[in-house]
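Below, each chain spelled out in residue letters.
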Amino acid sequence: MTTFHRGHPLTIARHEALSSPLPAEERDSPVDTRWLRSRGGLFAQAAQRPFELTFDLVWYAKRTGLPFHPHYVAQVYRGEPEQRLEVPLMVVNLARVRTREAADKVLAHESMHLRVPSYGHKREAFACAQEILNAVGSMAP
């Protein structure tokens, strides 16, 4: 889960230190759902973990049974331990992700939780997130 404003300062710092592979002139471009879905596909490939991407916060909360608070940026849900989903769900709060660079960081952060869920927000987890970002950079046109 990415919360930014209420997260631990070390988690926030590690998240912000992630480096997007986007060209400088594209980093501040606004995001839209079409771009995010396309980009999300690259992150699923790079992380080698498929996920269903949604922007419908109410649907996500109903589907998962988890609250999605207004300050949340994104979250992944793999299902309960005894009933894992075949394809995990990822939700992104469009109101909190304004630029493509921010979207890259969020997608990497949440993909990291799918790839190495036991790492939590440790330094090694964010090293994995950066590896995913780097892989996306090598795949993008």
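Residues numbered from 1 in each chain as written. Predicted model: local features only at pLDDT ≥ 70, side-chain atom pairs only at ≥ 80, totals over all residues. Heavy atoms only, no water.

> So what's going on with the pattern of salt bridges? Residues and values would help.
Overall, the coordinates contain three salt bridges when judged by the stated rule. For Glu16, the salt bridge identified is with Lys105, shortest N-O distance 3.7 Å. With Glu16 in helix α1 (residues 9-17) and Lys105 in helix α5 (residues 100-115), this residue pair connects regions lying 89 residues apart in the sequence. A relative accessible area of 8% places Lys105 in the buried class. Two residues, Arg39 and Asp104, come together in a salt bridge whose shortest N-O distance is 2.7 Å. Linking Arg39 in helix α3 (residues 33-47) with Asp104 in helix α5, this pair joins segments that are 65 residues apart in sequence. Since its relative accessible area comes to 7%, Arg39 is described here as buried. By relative accessible area, which is 0% here, Asp104 ends up buried. (Salt bridge = Lys/Arg side-chain N within 4 Å of Asp/Glu carboxyl O. Helix = DSSP H or I, 4+ residues; strand = E, 2+ residues; numbered from the N terminus. Buried < 20%, exposed > 50% of the residue type's maximum accessible area, 1.4 Å probe, protein only.)

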